[in-house]
Amino acid sequence: MLKSQISRAELDRLTADIEKHANLTILEQGLEYQQKGFVYNTEVLPNRVIVSKVQGERVYDIKIDLDFFGLSECTCGNETFCAHMAATFFYVYAAYAPPDALVRRWKRARQSPNATSGVGETQPRVTAGLQPPKPPSPDAPEQSASAEQWHAFMAAAYDAYAARHGWYRYDPGQYFEGALESIGSHTRWWGAAARKLHAVHAVLFTLRKLHDGYGAQRHIREDSEWKSAAGRLAKKLDEAAAAINISETIASMPDRLEALASFVPAELLAAGQSPVDWRYVYRRVWTSLLGHPPWVEREAERLDRKLADTGLTGTERDALLLARGHMETISGADDRAWSVWNGMSAFHPVDAQFYVDEFARTGRWERLWRWLMRLLAWPERISKPLFQEWCKRGGEAAVRLNHEEEWIRLLASMLPRSYCEYTDFLIRTKRYRQWIDFHLAAEIDVTGMYAADLRAVEAHDPTLAFPLYHHAVERRIAQKNRTAYKESVRLLKKLGELYRQAGRADRFADYMDRLRQRYARLHAFQEELRKGKLV
């Protein structure tokens, strides 16, 4: 059956991929699993993915992508080629030839003292899952090549990849992650610094290709799929940028580092129809990688020249102003940045989210505090999710900077919109009395309060909650209907529990005597008290 589902050419290509990437120990373990019959439910899906189950410590689900080997995965959690994936491969290979003979051949080849990887080079010993034992194509650039040569090879590799794989067969996420792997695979033999820098170039190159592809092929997939693919690549950009030692890279490869700017000109920020958030990408690249003062100064001068053009559209001008203000933030001149942004037709609050996140991520709490004081001055302009996020960040900064009282005053000034954030901060900072006083003053019923907050107050000091329940009971009795009386009895039972927890059961008994006498004429209420065994 499998022999009819997978061609010999596909199997040969998969075999070559595994020979390049797999550790011999992993292969031998996978062969053992296959020979013991641990592999089952194996089939080849129409999108050219082999799916299977392998019995190990538990049952693992395996996917081996025949087109994009790097996208293969196993639920065992191993991020490299694992024994379960090897077992699945051998199960499929067995439809054509004995897999144990293949492993013996690989083992002899790798143990041979004359085994080489390229011209006159001894083949390195494979030590882990995805370490390639073979050198890259002779057409691939050296790590010392210029950025232009890197980019030229990326373009050629991408074109070759695109010629092999049709758009219509894959979702954008699969297609562009496969492309990213294809254009960067030759760097596995490079030194760490060059390899990491090339990874950033490759992600930005792929983002540009995704941007261009969306313009030409957007009709073949839903917008959500394109945006998801762009988001995954943006995450890879974050990871690749974080891996670079900037000072060392500026010292050893300044030209290739500065060349990143060519991928994200500020003009892209005006791109309306794109799944890529170029505003984020531009600021991430300049903040994390291109903050060298001479480079920032040159970019600022370039933007000033562009802004001098009187033929700019409003959208183009706003994009350039957003980028120009960003150059000021890199230099730490936040007031000048805001002055630049005041020239925009509209500075949307969402454009500030990058800085809020960045200052929190890097622990620049004083700077974050100043930004939030400015941003929250007009809470009505901010969307609910953004407001909640900024209040969360503000609360964290307030605690770290000992600005808690100032933060409470600000939250109080934004009521009622800030109710959730205000009451949550009071609870988190253990201002229980203030929390109680606020709810009493605002006449918020005890049943309308957050249960978790109320439990925290009651656990800290049951007596603090007494007034809340007393007021709630009186309000329900005043309604003079059976439903309200039943609810008042339920609240009285809870109040009695709190009195007992506080060691004041006698006080509660006195209170109940007075309550019965006061409302002696309310027969329905008295009846509900008896039903609730409060008499």
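Computed from a predicted structure; not experimentally measured.

Undergrad: Can you walk me through the overall build of the protein in this structure?
TA: Check the secondary structure of the protein and you find 26 helices and four strands. Against the globule reference of 24 Å for 535 residues, the protein gives a C-alpha radius of gyration of 33 Å, more extended than a compact globule. If one aligns the C-alpha atoms of the protein with their principal axes, the spans along those axes are about 105 × 70 × 45 Å. When contacts within the protein are restricted to residue pairs at least 6 apart in sequence, those whose partners lie at least 24 apart make up 63%. Split by element, the accessible area of the protein, about 26700 Å² in all, is 49% carbon and sulfur. Taking the 75 positively charged and 69 negatively charged side chains of the protein as two groups, their mean positions are separated by 6 Å.

Undergrad: Help me understand the sheet that holds strand E3 (residues 59-65), please; the structure alone is not making it clear to me.
TA: Backbone-to-backbone hydrogen bonds join strands into a sheet, with any given pair of strands oriented parallel or antiparallel. Strands sit in the order E1-E2-E3-E4 across an open sheet of four strands; the sheet is antiparallel. Only two strands of the sheet have a single neighbouring strand rather than two, namely strand E1 (39-44) and strand E4 (73-74).

Undergrad: What is the right way to read the pairing of E1 from this model?
TA: The two faces of a sheet get side chains in turn, since along a regular strand they alternate between them. Pairing between E1 and strand E2 (residues 49-55): four bridges, direction antiparallel. Bridge pairing links Glu 43 to Val 51 in E2. Linking two consecutive strands that pair antiparallel, namely E1 and E2, is a turn of four residues; a positive phi of about 65° is found at Arg 48 within it.

Undergrad: Is there a simple way to explain the side chain of Thr 249 in this structure?
TA: Within the element layout of this structure, Thr 249 appears in helix H10 (residues 246-252). The exposure class assigned to Thr 249 is buried, which follows from its relative accessible area of 4%. Within polar-contact distance, the side chain of Thr 249 engages the backbone oxygen of Asn 245 at 2.7 Å. Apart from residues no more than four positions distant in its own chain, Thr 249 is found in contact with Leu 197, Ile 244, Pro 254 and Leu 257.

Undergrad: Please clarify how the pattern of salt bridges should be interpreted in this entry.
TA: In a structure, side chains of opposite charge can pair up when their charged atoms sit close to one another. Inspection of the entire model under this criterion finds 37 salt bridges. For Glu 32, the salt bridge identified is with Lys 36, shortest N-O distance 2.8 Å. The class for Lys 36 is exposed, based on a relative accessible area of 52%. Of the charged contacts, one joins Lys 531 and Glu 528 as a salt bridge, the two residues approaching to 3.7 Å between their closest N and O atoms. One end of the pair is Lys 531 and the other is Glu 528, both in helix H26 (residues 523-531) and three residues apart, which spans about a single turn. The exposure class assigned to Glu 528 is buried, which follows from its relative accessible area of 5%.

Undergrad: Would you take a moment to explain unusual backbone geometry for this structure?
TA: Cis geometry marks the peptide bond from Leu 415 to Pro 416, where omega comes out at 5°. Considering the arrangement of structural elements, one finds Pro 416 in the loop between helix H19 (404-413) and helix H20 (419-428). For Lys 533, which is not a glycine, the phi torsion comes out positive at approximately 60°. Tracing the sequence through the fold places Lys 533 in the segment after H26.

Undergrad: What should I look at first to understand helix H7 (residues 172-184) in this one?
TA: Each turn of an α-helix holds 3.6 residues, which means side chains three or four residues apart point in the same direction. Helix length check: H7, at 13 residues, gives a terminal C-alpha distance of 18 Å against a target of 18 Å (1.5 Å per residue), a fit within 8%. Among the 13 residues of H7, ten are classified as buried, and the element is accordingly described as predominantly covered. Regarding H7, the residues found buried are Pro 172, Gly 173, Tyr 175, Phe 176, Glu 177, Gly 178, Ala 179, Leu 180, Ile 183 and Gly 184. The distance from a side-chain oxygen at the start of H7 to the backbone nitrogen of Gly 173 is 2.8 Å, and the residue carrying that oxygen is Asp 171.

Undergrad: Before we go on, may I ask you to explain helix H4 (residues 83-93) in this structure?
TA: Of all eleven residues that make up H4, ten are buried, and the element is covered over most of its length. Of the positions making up H4, those classed as buried are Ala 83, His 84, Met 85, Ala 86, Ala 87, Thr 88, Phe 89, Phe 90, Val 92 and Tyr 93.

Undergrad: Explanation requested: the environment of Arg 336 in the structure shown.
TA: Position of Arg 336 among the secondary structure elements: in helix H15 (residues 334-341). Assessed through its relative accessible area of 51%, Arg 336 is described here as exposed. Spatially, the C-alpha atoms of Arg 336 and His 326 are 9.8 Å apart, while their sequence positions differ by ten residues.

Undergrad: Help me out: how do you make sense of the packing of helix H21 (residues 432-441) against helix H22 (residues 451-460) in this one?
TA: Relative orientation and spacing of two packed helices are given, respectively, by the angle between their axes and the distance between those axes. As a packed pair, H21 and H22 sit with axes 10 Å apart at the nearest point and diverge in direction by 125°. In this view, H21 runs oblique relative to H22, as classed from their interaxial angle. Where H21 crosses over H22, the handedness of that crossing is left-handed. Here Tyr 432, Trp 435 and Ile 436 of H21 come into contact with H22, specifically with Asp 453, Leu 454, Ala 456, Val 457 and His 460. For the contact of H21 with H22, the per-class residue count stands at six nonpolar, one polar and one charged.

The rules we used
Residues numbered from 1 in each chain as written. Predicted model: local features only at pLDDT ≥ 70, side-chain atom pairs only at ≥ 80, totals over all residues. Heavy atoms only, no water. Helix = DSSP H or I, 4+ residues; strand = E, 2+ residues; numbered from the N terminus. Rg over C-alpha atoms; globule rule 2.2 N^0.38 Å. Contact = heavy atoms within 4.5 Å. Areas by Shrake-Rupley, 256 points an atom, 1.4 Å probe, with all protein chains shown as cover. Lys, Arg positive; Asp, Glu negative; His and termini not counted. Charge placed at Lys NZ, Arg CZ, Asp CG, Glu CD. Pairing = 2+ DSSP bridges. Buried < 20%, exposed > 50% of the residue type's maximum accessible area, 1.4 Å probe, protein only. Polar contact = N/O pair within 3.5 Å; in protein donor to acceptor, adjacent residues only side chain to side chain. Salt bridge = Lys/Arg side-chain N within 4 Å of Asp/Glu carboxyl O. Expected span 1.5 Å × (residues − 1). Axes fitted to C-alpha atoms, helices over the stretch in contact; angles between N-to-C directions. Parallel < 35°, antiparallel > 145°, perpendicular 65-115°, else oblique. Left-handed = near helix turned anticlockwise from the far one by under 90°. Nonpolar A, V, L, I, M, F, W, Y, C, P; charged D, E, K, R; others polar.

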